[in-house]
Amino acid sequence: MNLITKAPKGTQDLTPEKTRRWQAAEQVLISEARLNGFGEIRTPAFEHTELFQRGMGDVTDVVEKQMYTFEDKGGRSVTLRPEGTAGAVRAMLENGLYNAGYPVKLYYNLPCYRYEKPQAGRMREFRTFGVEVFGAAEPLADAQIIAMAMSAFKRLGLEDVGLQLNSIGCPECRREYHKALKDYFTANKDKLCDTCLSRLDRNPLRILDCKNPECKELAKDAPVITDYLCADCREHFGKVQEYLTALGIEYELDPGLVRGLDYYTRTVFEFPSKSLGFALGGGGRYDGLVEEMGGSPTPGLGFGLGMDRIMLALEEGRVEFPEEDKCEVYIAAMGDKAQVKALALTDTLHRCGITADCDICGRGLKAQMKYAGKIGAKFSMVLGEDELASGMAALKDMSSGETKKVRVGEGFVDDYLTFSTAQDDLSF
Ligand code: HAM
């Protein structure tokens, strides 16, 4: 085949077999979100660029290096969504969802775009399943969303997902911490990469998640935020841990965990997959973000799970997926009139929730029956002139070979159900 082009690097096609597995996993996450009172929000795939610049922070890898930003034909700068939180905050405010009272609980399952070097679990187009909660300042909310994610992992059969936890404090305690970080890195300036040198004045916290090996090494001995937490942040963090323990959720404290986006305050967390060696998701609190976006001061928190990574983990763990819905009845037909009748009968079966199919490719009878076998039809039926004239046809159980005459006009579904249920009973 001489394709004019292939799918862009860092993207993937989800063929029906893959999509079936994705949907099964998504259903678990959606059900968990619904059990916790979340409603789905769908935001545009592109937004005005400043939404992400302001929301995620200018001095972050995502904003500095990874955004798909372009000018539209009207000369406006727009950006393909690199994450779900900023858009959810904007949509919550723009649609006045807070008017119904707090907490506002939203979930989403959206494609996101980041210009990254593609590798296992790192795509340029990836899907995020995320939740956001607005108007809940209590540590109970932090515990609730973490518990929800852990429960979803368990239901998915992902037993090796951990929980790393930290608090990065509020702007008050972070001021002191920034100063300490800046002093530490300034004293070791010669070892920093160029990007981190430029971050020294603008946002020293970001040096802590630099991927450069020398910066990473240096970051190991840097001051830790938990030593600088104010009394309120310390209390909040203590309560989050207390509630997680009460829920029986194990966690690991990681004072070096700062997350790569600027909006976080207080609790931050990640869900590392031990077998894959990277995080399946992460999140935290962002108590200043709603105000930053132009709303009234409103606490917020949430998490994003990488669906592509979850699917990799499920494959790695050989988690079983439900069987594909097989065709129940295949109606083969000979001649124009019989073909139209087959189309009408399959339509009648569909109205009753029964999977049914007939020929749409103009195949001969033998090829139609071969196709019925290929798609695993449980029952088949042949319609020709005789069947149309008599109004009766032979419905065949494809595995036992047993047949039964059924009406092909009124009463067809009743006859089908009587025969198929009798056959089901025989198989026990
Ligand atoms: P994030 O950690 O940047 O957080 O992304 C969330 C998850 O998306 C990651 O843990 C990872 O599983 C997945 N992910 C990120 N980048 C890629 C990629 N290039 N390829 C495949 N998967 C990827 C956020 O985006 C925050 N908005 C999460 C959040 C919601 N915080 C509060 N609310």
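Residues numbered from 1 in each chain as written. Predicted model: local features only at pLDDT ≥ 70, side-chain atom pairs only at ≥ 80, totals over all residues. Heavy atoms only, no water.

Here we come to the sheet that holds strand β2 (residues 46–48). One open sheet accounts for 3 strands, arranged β2-β4-β3; its pairing is antiparallel. Unpaired on one side and paired on the other, β2 and β3 (69–71) mark the two borders of the sheet. Between one strand and the next, the sheet's axes are offset by a mean angle of 35°, whatever the strand orientation. Along the sheet, helix α2 (residues 49–56) contacts β2, β3 and β4 (77–80); its crossing angle with β2, the most-contacted strand, is approximately 80°. (Pairing = 2+ DSSP bridges. Helix = DSSP H or I, 4+ residues; strand = E, 2+ residues; numbered from the N terminus. Axes fitted to C-alpha atoms, helices over the stretch in contact; angles between N-to-C directions. Contact = heavy atoms within 4.5 Å.)

The next subject is the sheet that holds strand β10 (residues 279–285). One open sheet accounts for 8 strands, arranged β1-β5-β6-β11-β10-β9-β7-β8; its pairing is mixed. Only two strands of the sheet have a single neighbouring strand rather than two, namely β1 (39–40) and β8 (252–253). In this structure, β10 lies alongside strand β11 (residues 300–306), joined through 5 bridges in antiparallel fashion. Pairing of Gly 282 across the sheet is with Gly 304, part of β11. Here helix α1 (residues 16–35) sits on the sheet and contacts β5 (104–113), β6 (125–134) and β11; the angle it forms with β6, its principal contact strand, is near 5°. Helix-sheet contacts for helix α5 (residues 139–156) involve β5, β6, β7 (164–167), β9 (265–272), β10 and β11, and the interaxial angle to β11 is about 15°.

Attention shifts here to the site of the ligand. Surveying the vicinity of the ligand reveals 26 residues, the closest of which are Glu 83, Thr 85, Glu 116, Met 123 and Tyr 264. Interatomic distance of 2.8 Å between a backbone N/O atom of Met 123 and a nitrogen atom of the ligand. Between Tyr 264 and the ligand, the recorded distance is 2.6 Å, taken from a side-chain N or O atom to a nitrogen atom. Computed on the free molecule, the ligand has an accessible area of 650 Å², of which 95% lies beneath the protein chains in the complex. Among the elements of the structure, β6, β10 and β11 are those that each provide at least two residues to the shell around the ligand. (Near = heavy atom within 4 Å. Polar contact = N/O pair within 3.5 Å; in protein donor to acceptor, adjacent residues only side chain to side chain. Areas by Shrake-Rupley, 256 points an atom, 1.4 Å probe, with all protein chains shown as cover.)

Much of the literature gives interface size as the accessible area that the parts lose upon coming together. Assigned domains within the protein: domain 1 (16–170 + 230–316) and domain 2 (329–419). On a C-alpha basis, the centres of domain 1 and domain 2 stand 49 Å from each other. (Domains from an automatic or database assignment.)

Here is the key point about a regular strand: its side chains alternate between the two faces of the sheet. Counting buried positions along β9 gives 8 out of 8 residues, so the element sits mostly inside the fold. As defined by bridge partners, β7 adjoins β9 across 4 bridges and the pair is classed as antiparallel. In the sheet register, Asn 166 faces β9, and the bridge partner there is Val 268. Hairpin remark: β9 followed by β10, antiparallel, with 6 residues in the connecting loop; positive phi at Gly 277, about 80°. (Buried < 20%, exposed > 50% of the residue type's maximum accessible area, 1.4 Å probe, protein only.)

Glancing now at the pattern of salt bridges. The full count for this structure, using the stated rule, is 26 salt bridges. Here Glu 64 and Arg 202 are joined by a salt bridge, their closest N and O atoms 2.9 Å apart. With Glu 64 in helix α3 (residues 61–66) and Arg 202 in helix α7 (residues 194–202), this residue pair connects regions lying 138 residues apart in the sequence. Take Glu 64: its relative accessible area is 32%, and that puts it in the partly exposed class. For Arg 202, a relative accessible area of 47% gives the class partly exposed. Taken together, the shared-partner salt bridges connect Asp 61, Glu 64, Lys 65, Arg 199 and Arg 202 into one network. (Salt bridge = Lys/Arg side-chain N within 4 Å of Asp/Glu carboxyl O.)

Throughout the structure, instances matching the rule amount to 13 aromatic pairs. Taken together, the ring pairs in this structure connect Phe 134, Tyr 263, Tyr 264 and Tyr 286 into an aromatic cluster. For the cation-ring pair, Arg 309 lies above Phe 278, with the distance from its terminal atom to the ring centre recorded as 4.8 Å. Above the face of the Tyr 371 ring, Arg 363 is positioned so that its terminal group lies 4.7 Å from the ring centre. (Phe/Tyr/Trp six-rings, centres within 6.5 Å; stacked < 30°, edge-to-face > 60°. Lys NZ or Arg CZ within 6 Å of the ring centre and 35° of its normal.)

Bringing the UniProt feature "binding site: L-histidine" (unreviewed entry) in the protein into the picture now. Residues annotated in UniProt with the feature "binding site: L-histidine" (unreviewed entry) correspond here to Glu 83, Gly 84, Thr 85, Arg 114, Glu 132, Arg 259, Tyr 263 and Tyr 264. One can find Gly 84 in the loop between β4 and α4 (85–94). The buried category is assigned to Gly 84, whose relative accessible area is 5%. In contact with Gly 84, not counting residues within four places along its chain, are Tyr 108, Cys 112 and Glu 132. Structurally, Arg 114 is set in the loop between β5 and β6. (UniProt positions renumbered as here; feature names shortened; annotations may be inferred.)

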